[in-house]
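# Architecture and fold: a report
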Amino acid sequence: EPEYNEVAGDISIFAQTSTIIPTSVCSARCNPGYFKQKQKEKQPCCYDCIICPEGKLSGKIDADYCIGCPEDQYASKDKTACIAKTITSLTYEEPLGLAFTIVALFFFLFTAVIFGIFLKHHHTPIVKANNRDLTYILLISLQLCFLCALQFLFRPGAIICLFRQITFGLIFSVAVSCVLAKTIIVVLAFLATKPGSRMKKWIGKQLSTSIVLSCSLLQAVIGILWLAKAPPFPEADMISVTEEIILECNEGSVCMFYCILGYMGFLAVASFIVAFLARKLPSTFNEAKLITFSMLVFCSVWLAFIPAYLSTKGKYVVAVEIFSILASSAGLLSCIFFPKCYIILLKPELNHRELLTQRKH
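Definitions and limits used
- Residues numbered from 1 in each chain as written.
- Predicted model: local features only at pLDDT ≥ 70, side-chain atom pairs only at ≥ 80, totals over all residues.
- Heavy atoms only, no water.
- UniProt positions renumbered as here; feature names shortened; annotations may be inferred.
- Helix = DSSP H or I, 4+ residues; strand = E, 2+ residues; numbered from the N terminus.
- Pairing = 2+ DSSP bridges.
- Axes fitted to C-alpha atoms, helices over the stretch in contact; angles between N-to-C directions.
- Disulfide = S-S within 2.5 Å.
- Buried < 20%, exposed > 50% of the residue type's maximum accessible area, 1.4 Å probe, protein only.
- pLDDT = per-residue confidence, 0-100.
- Phe/Tyr/Trp six-rings, centres within 6.5 Å; stacked < 30°, edge-to-face > 60°.
- Lys NZ or Arg CZ within 6 Å of the ring centre and 35° of its normal.

The name that an unreviewed UniProt entry assigns to the protein chain is Vomeronasal type-2 receptor 26-like, with the source organism given as Notechis scutatus. Turning to the protein chain, the UniProt annotation filed under Sequence similarities (unreviewed entry) states: "Belongs to the G-protein coupled receptor 3 family."

Here it is, written out as structure tokens:
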């Protein structure tokens, strides 16, 4: 009987050990974050440990393959677990957004100061010379342009996305239309001084108002068509930045967005061409020189915007547009109004009708 029990025990031990898979002697075990890749022309128990590719992970030892994370998560640096992405957007709470807010408010207040200077000296020749009403409308529209940049710093929502680009396009069209109207008035005013000219009947508030309203109305029509065809809407970008979900506005129809920019550019180029041709008129009408340079700055900013906009990703796309809005508005303000403020405040002796009409160049 003892001999029988001893033999039975040996048989039991053999049965247990025969079901255990032997540990590989040619490969170490693969840690989490790696997966096994069989070595060519070797036994199945021989493999290499390969680190998981970017964006994938393995959470166990000796994983046969790596898996991806859900869209709202990303793989940790050691590629062993998924981490929830942070939801973000460019707002006034961030350092960059706060800087844009400060700049926009500064120029808004600065424009208000210039507006006050022109209102206080509204009776002087330099203010009267180039259509006061258009000047006031241009200053108000520039104030709105600076405030317009702030709407891009709110968290994207249905209302913000729906109207921010259209509002931007309409306000800028009013501003550029004012510049175009001022340029046309400059040319017509010069032609009206020639003997026998019939241009005098064309010069007046009705002409300038018609130019601004008609040019702005066409931009409004483009905006309405955009809303009717493919309006902008909020969406979450989970691809551009690995560790973030970026809330942004999908423009809906990219074609309509570029139509608004293109029309605004058309008005600016038209203003530049007319002002450039009129730049050598007598100094009574020398605002054409200021408009020429301001339109050159304006067009340069928005031409640089297009490649920057197309090559930027994430929330910095919004930053590029805000910068372009602020830079182009500041360019118009400084090029057109700084020289006039200089004469009004620091050289009042030049702000006389006799001096303005006596100078020929």
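Let's shift gears to the UniProt feature "transmembrane region" (unreviewed entry) in the protein chain. On the UniProt side, "transmembrane region" (unreviewed entry) is annotated at positions that read residues 98–119, 134–154, 166–191, 211–228, 260–278, 290–310 and 316–338 here. Helix makes up 100% of residues 166–191 and strand 0%. Its end C-alpha atoms lie 37 Å apart.

Strand order in the open sheet formed by three strands is β7-β9-β8, with mixed pairing between adjacent strands. At either end of the open sheet lies a strand with only one pairing partner, and these are β7 (86–88) and β8 (233–237). Mean inter-strand twist for the sheet, computed between neighbouring axes without regard to direction, equals 25°. The sheet contact formed by β7 and strand β9 (residues 244–250) spans three bridges and is parallel. In the sheet register, Ile87 faces β9, and the bridge partner there is Ile245.

Within the structure shown, the criterion is met by four disulfides. Bridging Cys69 to Cys82, the disulfide has an S-S length of 2.1 Å. In this structure the cystine formed by Cys69 and Cys82 twists about its S-S bond by roughly -95°; its chirality is therefore left-handed. On the criterion of sequence distance, the pair formed by Cys69 in the loop between β4 (67–68) and β5 (73–75) and Cys82 in strand β6 (residues 82–84) is long-range, its members being 13 residues apart. A sulfur-sulfur distance of 1.9 Å marks the disulfide that ties Cys161 to Cys249. One quick way to see it: the torsion about the S-S bond of Cys161 and Cys249 is about -75°, and its sign makes the bridge left-handed. Taken together, the residues Cys161 in helix α5 (residues 158–192) and Cys249 in strand β9 connect sequence positions 88 residues apart. On the basis of relative accessible area, Cys161 is assigned to the buried category, the value being 0%. Not engaged in a disulfide, the cysteine Cys255 finds its nearest cysteine sulfur in Cys259; these two sulfurs lie 4.3 Å apart.

Averaged over every residue, the pLDDT of the protein chain is 84; the share at 70 or more is 84%. At the level of individual helices and strands, the protein chain shows its lowest average pLDDT in helix α1 (residues 2–18), which scores 48, and its highest in helix α2 (residues 95–120), which scores 96.

What follows covers the packing of aromatic side chains. Taken as a whole and judged by the stated rule, the model has 18 aromatic pairs. When the ring of Phe118 is compared with that of Phe337, the centres are 5.5 Å apart and the planes differ by 85°; the resulting orientation is edge-to-face. One end of the pair, Phe118, is in helix α2; the other, Phe337, is in helix α9 (residues 316–346), and 219 residues separate them in sequence. In terms of burial, Phe118 and Phe337 fall into one category: buried. Taking 5.1 Å as the distance between ring centres and 40° as the angle between the ring planes, the aromatic pair formed by Phe305 and Tyr309 counts as tilted. Taken as a pair, Phe305 and Tyr309 lie in helix α8 (residues 287–311) at a separation of four residues, close to a single helical turn. Across the pair, exposure class does not vary: Phe305 and Tyr309 are buried alike. The cationic tip of Lys36 hangs over the ring face of Tyr47; the distance from NZ or CZ to the ring centre is 5.1 Å.

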